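Architecture at a glance
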Amino acid sequence: MTKSPISQLETQVSQEPPTSPLPYSRRRIRLGLSLTLAGFVIFLIGARPSLFGLDRSPVIGFVQIAVFLIGLAIICLGGYIALMALWKNRQPSIAADIGLRLVSTGYVIAVFSGMADVFGAGSHPLPGVPYFGPWQARGVEIGQAIIALGFLLLIPYRQSNPESSSPTHSA
């Protein structure tokens with residue numbers, strides 16, 4: 001007994017994998033988001049250790065500052081990996097390149113603001129106990145805002161089809 005051509009076509013179509021590939025890499029996005037989440041947990045351990053029952057000091061000292069800056073670095077790395085995965089087979093735009101530089105610059109601002117006392121530029125220079133004061137907090141917040149702006153520029157916004165959006169004129 002032979003199968004009809006239609007049933008042969010149906011079995012062939014149902015057995016083939018989808019032919020249109022995704023416009024992004026799921027594995028890289030998962031890796032980037034996992035790193036971002038892990039970095040956020042590390043950031044929280046440094047910024048608010050009381051959430052995890054680890055608070056041992058009434059002030060934010062050097063170890064806490066270092067831990068939340070390491071967490072912020074992991075967040076930046078994970079966000080970069082995830083957002084660049086969205087550019088899979090395309091050339092990143094100039095805005096995306098600027099975004100990467102803004103993420104890096106924002107992190108450098110956050111590190112130098114957070115570690116100002118350690119570098120000798122803060123209000124409590126070494127050998128005193130480093131103290132995370134309000135000016136340092138503002139500097140880290142400004143650095144985080146610049147990082148967020150850089151991430152916004154890394155997003156690949158889709159452009160509309162140029163043929164449908166602009167009318168053609170014949171001379």
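Scroll up to find the structure this text is about.
Just so it is clear, the model here is predicted, and its values are computed rather than measured. (Residues numbered from 1 in each chain as written. Predicted model: local features only at pLDDT ≥ 70, side-chain atom pairs only at ≥ 80, totals over all residues. Heavy atoms only, no water.)

Regarding its fold elements, the protein chain presents seven helices and zero strands. Seen in sequence order, the protein chain has helices and strands lined up from the N terminus as α-α-α-α-α-α-α. Buried positions account for 29% of the 171 residues belonging to the protein chain. Accessible surface computed for the protein chain: about 12000 Å², of which carbon and sulfur atoms make up 65%. (Helix = DSSP H or I, 4+ residues; strand = E, 2+ residues; numbered from the N terminus. Buried < 20%, exposed > 50% of the residue type's maximum accessible area, 1.4 Å probe, protein only. Areas by Shrake-Rupley, 256 points an atom, 1.4 Å probe, with all protein chains shown as cover.)

Attention shifts here to the nonpolar core. One recurring pattern in soluble globular proteins is that nonpolar side chains are buried together. Of all hydrophobic cores here, the largest spans 22 residues; its most connected members are Phe 68, Leu 69 and Leu 154. When residues of this core are traced back to their parent elements, those giving at least two are α3 (62-85), α4 (94-114) and α6 (134-154). Counting residues per element, this core draws most heavily on α3, at nine residues. (Core = buried A, V, L, I, M, F, W, Y, C linked by side-chain atoms within 4.5 Å.)

Here we take up the pattern of salt bridges. On inspection of all chains with the given rule, the structure shows one salt bridge. In this structure, Glu 141 engages Arg 138 in a salt bridge whose closest nitrogen and oxygen atoms are separated by 3.3 Å. Here the residue Glu 141 and the residue Arg 138 both occupy positions in helix α6, the gap between them amounting to three residues, near one helical turn. Taking the relative accessible area as the measure of exposure, Glu 141 reaches 43% and is therefore partly exposed. (Salt bridge = Lys/Arg side-chain N within 4 Å of Asp/Glu carboxyl O.)

Before going further, it helps to examine a nonpolar patch on the surface. A grouping of Leu 37, Phe 40, Val 41, Leu 51, Phe 52 and Leu 54 is seen on the molecular surface, where their side chains present a nonpolar patch of about 580 Å² in accessible area. With respect to the helices, strands and loops of the structure, Phe 52 is situated in the loop between α2 (26-47) and α3. Residue Phe 52 is classed as partly exposed on the basis of its relative accessible area, which comes to 39%. (Patch = residues over 30% accessible without salt bridge, like charges linked within 9 Å, V, L, I, M, F, W, Y side chains within 5 Å.)

Remember, this is a structural readout, not a statement about activity or role.
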